Amino acid sequence: MFRPRPDAPAATVEVEVDGRTVRVPEGASAAAAVLLAGLASLRDTPVTGSARAPYCMMGVCFECLAEIDGVPNRQSCMIAALPGMRIRRQRGARDIDPEDVPDTIPSFPIPAPRSGGA
Ligand code: FES
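Residues numbered from 1 in each chain as written. Predicted model: local features only at pLDDT ≥ 70, side-chain atom pairs only at ≥ 80, totals over all residues.

1. Regarding the overall build of the protein
Looking only at helices and strands, one finds 1 helix and 8 strands in the protein. Secondary structure of the protein in N-to-C order comes out as β-β-α-β-β-β-β-β-β. For the protein, the proportion of its 118 residues judged to be buried stands at 25%. Long-range pairs, those at least 24 residues apart, make up 40% of the contacts in the protein between residues at least 6 apart in sequence. (Helix = DSSP H or I, 4+ residues; strand = E, 2+ residues; numbered from the N terminus. Buried ≥ 20, exposed ≤ 12 C-beta atoms within 10 Å, placed from the backbone. Contact = placed C-beta atoms within 7 Å.)

What follows is the structure, given as structure tokens:
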């Protein structure tokens, strides 16, 4: 389904996805780690319990909500996979405890605009 770009970094990081150890390219998202782990779904909806998985991979659809390092309701496509990160499936609705929300949330660096072009 997904192939790495030919210029993808060779370095990898190891994360845990629902108890499985997965190696992902450095800079990949937590949602990419879920897909590389081969999970068919990442969460169940609170109303019907239907299975959901990362879809847009750009922070729009919220289908990728997961528990990451013990914090529920995180958009896994918007969070970089870090060494030792623990990503878990989310079943139904989760409460958000303000004490669980980290002060800083790792995010992707914003690439510099390319020079030239059209
Ligand atoms: S996959 Fe759509 S918001 Fe994360």
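Next comes the rest of the account.
2. Some remarks on the sheet that holds strand S5 (residues 65–68)
In space, the 5 strands of this open sheet follow the order S2-S1-S7-S5-S6, with mixed pairing throughout. Strands with a single pairing partner mark the edges of an open sheet, and in this sheet they are strand S2 (20–25) and strand S6 (71–75). Here the strands of the sheet are splayed against their neighbours by 40° on average, with no regard to which way each runs. Sheet analysis places S5 next to strand S7 (residues 86–88), joined by 2 bridges and oriented antiparallel. Its bridge partner lying in S7, Glu67 is registered against Arg88. Its contacts with the sheet place helix H1 (residues 30–37) against strand S1 (12–17), S2, S5 and S7, and it is angled at close to 120° to S2. (Pairing = 2+ DSSP bridges. Axes fitted to C-alpha atoms, helices over the stretch in contact; angles between N-to-C directions.)

3. As for the sheet that holds strand S8 (residues 90–91)
Sheet strands line up and pair through hydrogen bonds in the backbone, either parallel or antiparallel. Reading across the sheet, the 3 strands line up as S4-S3-S8 and stay open at both edges, with mixed pairing between neighbours. The open sheet has two free edges, formed respectively by strand S4 (51–52) and S8, since each of these has just one partner strand.

4. A few points about the pairing of S2
For S1 and S2, the ladder comprises 6 bridges, and the chain directions are antiparallel. Looking at S2, one finds that Val13 is bridged to Val24. Hairpin connection from S1 to S2: 2 residues lie between these consecutive antiparallel strands, with Asp18 at a positive phi of about 50°.

5. Some words on the pairing of S6
Sheet analysis places S5 next to S6, joined by 3 bridges and oriented antiparallel. Across the sheet, the residue bridging to Leu65 is Gln75, located in S6. Two successive antiparallel strands, S5 and S6, enclose a turn made up of 2 residues, where Asp69 displays a positive phi of approximately 50°.

6. Considering unusual backbone geometry
Residues apart from glycine generally show negative phi values, whereas peptide bonds are mostly found in trans. Its identity as a non-glycine residue notwithstanding, Asp18 has a phi of 50°, on the positive side. The topology assignment puts Asp18 in the loop between S1 and S2. Among the residues examined, Asp18 registers 15 C-beta atoms within 10 Å and is labelled partly exposed.

7. Observations concerning the environment of Pro4
Examined against the element boundaries, Pro4 turns out to sit in the segment before S1. For Pro4, a count of 12 C-beta atoms within 10 Å corresponds to the exposed category. C-alpha of Pro4 to C-alpha of Pro25: the two residues are 21 residues apart in sequence and 8.7 Å apart in space.

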